[in-house]
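Okay, here's what each chain looks like letter by letter:
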Amino acid sequence: MPTQRTPSATRRALLGSALVSLLPPAMAAGPLTRRIPSSGEALPVVGLGSWITFNVGGDEAAREACVEVVRAFFAEGGRVIDSSPMYGSSQPTIGYALARLGRPAALFSAEKVWIGDAARGPAQMEASRAYWGVARFDLMQVHNLLSWQQHLPRLFEMKAAGQLRYVGITTSEGRRHAEIEQVMRAQPIDFVQLSYNLLDREAEQRLLPLAQERGIGVIVNRPFREGALLQQLSRHRLPGWAAEIGCEHWSQVALKFVVSHPAVTCAIPATSQVAHLRQNMAAARGPLPDAALRSRMARDVAAL
Amino acid sequence: MSEGWTDWLSYRPSDFLMFSPRIYWRLFESLNLAFWPLQAGVALAALAWLGWVGRDAGGPGRAAARAALAALALGWAITAWAFLWQRLAPIHWLAGYIAPLFLLQAAAMLTLALHGAVQGHADRLRRAVGLSLLVWALLLHPLLAGLAGRPWMQAEFIALASDPTAIATLGLLLMLRSPHWPLRALWALPVAWCVLSAVTLWTMGSAQGWVPWAAVLLAVWAARRG
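Residues numbered from 1 in each chain as written. Chains lettered and ligands numbered in written order. Predicted model: local features only at pLDDT ≥ 70, side-chain atom pairs only at ≥ 80, totals over all residues.

A. Structural detail: the overall build of chain A. The secondary structure content of chain A amounts to 12 helices and 9 strands. Taking 304 residues into account, the globule formula puts the C-alpha radius of gyration at 19 Å, and chain A, at 18 Å, falls close to it. Seen through its C-alpha atoms, chain A measures out along the principal axes to roughly 55 × 50 × 40 Å. Residues classed as buried in chain A amount to 50% of the 304 residues present. The long-range share in chain A, meaning contacts at least 24 apart out of those at least 6 apart in sequence, stands at 76%. (Helix = DSSP H or I, 4+ residues; strand = E, 2+ residues; numbered from the N terminus. Rg over C-alpha atoms; globule rule 2.2 N^0.38 Å. Buried ≥ 20, exposed ≤ 12 C-beta atoms within 10 Å, placed from the backbone. Contact = placed C-beta atoms within 7 Å.)

Here is the structure:
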């Protein structure tokens, strides 16, 4: 198992990091994108999570509503959809939506392996693949670091064999950051997924700078604290600076704060409503806050 | 304390709530549509049983006790299959592990009904609290959906939904005694379910969590007093 990147990979990663940039005007009509440091592939800065919102079981009406959310997501230029075997029926719901929409070519599928017995990892990933109905996943992440020592070598082998395109690890709500840092330093992963939002900013201290330094893409989960942040903020009027960055809703403020961090590749807010999806995707358009405004945003929101 | 333990201690009940309240409550709508008119049949049978028991000042006799145990055992089995396994498990992986326990509870209650010597408990307090819990589960629990502003089609009925089934079982067990069979063993799952349900409902932001919680407190209090 390699513990360091090759020089060319490092150069590419640093270049990717340094060029964390918006795509040229040809893509101006679409959402803002960031490049994956390890490959240079561009991804829209706002993706789609599926925790809770797509776990609808056999509820046909709710499943059809999810189809409309996914339809609007692709119509708005979205690409990254993230799920996990831990998310109940979210995987079959995504698979159903993708089949209904004719399997959009733009899809960037991000999945997770979540099982303590690593020997059962391949079967779980195959079950996930069957639920999604995709030929292979673009990104496979070790969910919440569960048995990562056993899963990661297999994921790297699968990547080398072309069965995956990227490998990552995840955590949420600030857990096990020291261990995440250890993995980021020692393993040639393409992505790390973590929680980061206007109030939970621990990742800014070490993990986000380390991701930039090591050329690791960052997927941000829980940008709204599972909705609690927006519920809290909804009691207050939007500050004056929100208009400066084209925000009409608090969700856009929260997302623009997250995706404007130079280390972040994309955020994956979850929603079951098309109107909210469109609000979220609008955060991937227009100006992003600069460092000074980001500081002010965090300060003002913390004071509310 | 190891990092593993501190990691687990950082979790809150909300971290394990993997479905939305709207989807959860709609499970009962699906259940009611699929099984109607079973709900009416169960209510009529239960009212007939209460009339039968009501004639006897000493509480349920042996035949009434065995009939109620057998009927509720069937209710646990239906709840295990139709609610936990078919409807809840797809949105909550834990339900897939709990469903077999519900079937075990059904088997134990049926075994007791078929072979066990059960009779009404002599203590009047236990009988009164037990009867109250039964009546609640049968007639009042289904009203909670409407009172909470949810569609009436989402009402929870004994023998289909787990909360009223568990509450009714606690009520019945309070009313019974058995010289030979360890009835206490039958308390474990209804109590555990009510506690789990209370935490789940509170985490969903529903005040209805107080209902299974209060049922457990009342049943345990009456059992210790009686």
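Now, onward.
B. How the structure looks around the overall build of chain B. Regarding its fold elements, chain B presents 10 helices and 2 strands. Taken from N to C terminus, the helices and strands of chain B fall in the order α-α-α-α-α-β-α-α-α-β-α-α. Reported as C-alpha extents along the three principal axes, the dimensions of chain B are approximately 55 × 45 × 30 Å. Within chain B, the proportion of its 226 residues that are buried is 42%. By sequence separation, contacts in chain B at least 24 residues apart represent 73% of the contacts at least 6 residues apart.

C. Broad picture of the interface of chain A and chain B. Contacts between the two partners involve 12 residues from chain A, matched on the other side by 12 residues from chain B. Broken down by class, the residue content of the side of chain A that touches chain B amounts to 4 nonpolar, 5 polar and 3 charged. (Nonpolar A, V, L, I, M, F, W, Y, C, P; charged D, E, K, R; others polar.)

D. Spatial organisation of the sheet that holds strand E5 (residues 137-142) of chain A. Residues and elements named next belong to chain A. Sheet architecture is open: 7 strands sit in the order E3-E4-E5-E6-E7-E8-E9, paired in parallel fashion. Single-partner strands in this sheet number two, and they are strand E3 (80-82) and strand E9 (266-267). As paired strands, strand E7 (residues 191-195) and strand E8 (residues 217-221) are joined by 5 bridges and run parallel to one another. Opposite Leu194, over in E8, you have Val220 as the bridge partner. (Pairing = 2+ DSSP bridges.)

E. Representation of the environment of Leu110 of chain B. Residue and element names in this part refer to chain B. With respect to the element layout, Leu110 can be found in helix H5 (residues 93-115). On the neighbour-count criterion, Leu110 (19 C-beta atoms within 10 Å) is partly exposed. Apart from the residues within four sequence positions on either side, Leu110 is in contact with Ala70 and Ala73.

F. Spotlight on unusual backbone geometry. Across the junction of Trp36 of chain B and Pro37 of chain B, the peptide omega takes the value 15 degrees, indicating a cis bond. With respect to the helices, strands and loops of the structure, Pro37 of chain B is situated in the loop between helix H2 (21-35) and helix H3 (38-54). Phi at Asn144 of chain A is positive, roughly 50 degrees, even though this residue is not glycine. Looking at the secondary structure, you find Asn144 of chain A in the loop between E5 and helix H5 (148-160). One non-glycine residue, Ala159 of chain B, lies in positive phi territory at about 80 degrees.

G. Examining helix H10 (residues 210-225) of chain B more closely. Residues and elements named next belong to chain B. Over its 16 residues, H10 runs 22 Å from end to end, which matches the ideal 22 Å to within 8%, given 1.5 Å per residue. If you check which residues of H10 are buried, you get Val211, Pro212, Ala215, Val216, Ala219, Ala222 and Ala223. One side of H10 holds all its buried residues, which, seen down the axis, span an arc of 140 degrees. Looking at H10, the residues exposed on the side facing more than 90 degrees away from the buried face are Leu217, Trp221, Arg224 and Arg225. Residues of H10 that are buried sit in contact with helix H6 (124-140), helix H7 (144-147), helix H8 (162-175) and helix H9 (188-203). (Expected span 1.5 Å × (residues − 1). Arc of directions from axis to C-beta.)

H. The pairing of E5 of chain A, seen in detail. Residues and elements named next belong to chain A. Across the 6 residues of E5, 5 count as buried, placing the element largely inside the fold. Sheet analysis places strand E4 (residues 108-113) next to E5, joined by 4 bridges and oriented parallel. Note that in E5 the partner of Glu111 across the bridge is Met140. The parallel pair E4 and E5, bridged by helix H4 (residues 121-132), forms a crossover whose chirality is right-handed. Where E5 lies against strand E6 (residues 164-170), 5 bridges are found, and the strand directions are parallel. Directly across from Met140, in E6, lies its bridge partner Val167. Regarding topology, H5 serves as the crossover connection from E5 to the parallel E6, and that connection is right-handed. (Right-handed = clockwise from strand over helix to strand, strands pointing away.)

I. Just the confidence of the model for chain A, in detail. On average, residues of chain A score 90 in pLDDT, and 90% of them are at 70 or above. Here residues 1-28 of chain A is modelled with pLDDT under 50, and outside its nearest four sequence neighbours on either side it reaches 31 contacts, counting other chains as well. (pLDDT = per-residue confidence, 0-100.)

J. Representation of the packing of helix H3 (residues 90-100) of chain A against H4 of chain A. Residues and elements named next belong to chain A. For the pair H3 and H4, interaxial distance at closest approach is 7 Å and the crossing angle is 35 degrees. For the pair H3 and H4, contact is made by Gln91, Pro92, Ile94, Gly95 and Leu98 and by Ser128, Tyr131 and Trp132, respectively. Its residues assigned to classes, the contact of H3 with H4 shows 5 nonpolar, 3 polar and no charged. (Axes fitted to C-alpha atoms, helices over the stretch in contact; angles between N-to-C directions.)

K. Focus on the nonpolar core. Of all hydrophobic cores here, the largest spans 149 residues; its most connected members are Val192, Val218, Cys266 and Ala267 of chain A together with Leu133 of chain B. Top contributing element to this core by residue count: helix H4 (residues 62-88) of chain B, with 14 residues. Apart from residues no more than four positions distant in its own chain, Leu133 of chain B is found in contact with Ile167, Ala168, Leu170, Gly171, Leu174, Ala215, Leu218 and Ala219 of chain B. (Core = buried A, V, L, I, M, F, W, Y, C linked by C-beta atoms within 7 Å.)

L. Examining the environment of Cys194 of chain B more closely. Residue and element names in this part refer to chain B. Structurally, Cys194 is set in helix H9. Sequence separation between Cys194 and Ala159 is 35 residues, and the spatial gap between their C-alpha atoms is 15 Å. Setting aside chain neighbours within four positions, we find Cys194 in contact with Ala166, Ile167, Pro212, Trp213, Ala215 and Val216.

M. Main features of the packing of H2 of chain B against H4 of chain B. All names here are of chain B. Running from N to C, H2 and H4 point in directions that differ by 125 degrees, and their axes come no closer than 11 Å. As far as their axial angle goes, H4 and H2 are oblique. Classified by chirality, the crossing of H4 by H2 is right-handed. Two secondary-structure elements touch here, H2 through Leu27, Ser30, Leu31 and Phe35 and H4 through Ala82, Phe83, Arg87 and Leu88. Grouping the amino acids of the contact of H2 with H4 by side-chain chemistry returns 6 nonpolar, 1 polar and 1 charged. (Parallel < 35°, antiparallel > 145°, perpendicular 65-115°, else oblique. Left-handed = near helix turned anticlockwise from the far one by under 90°.)

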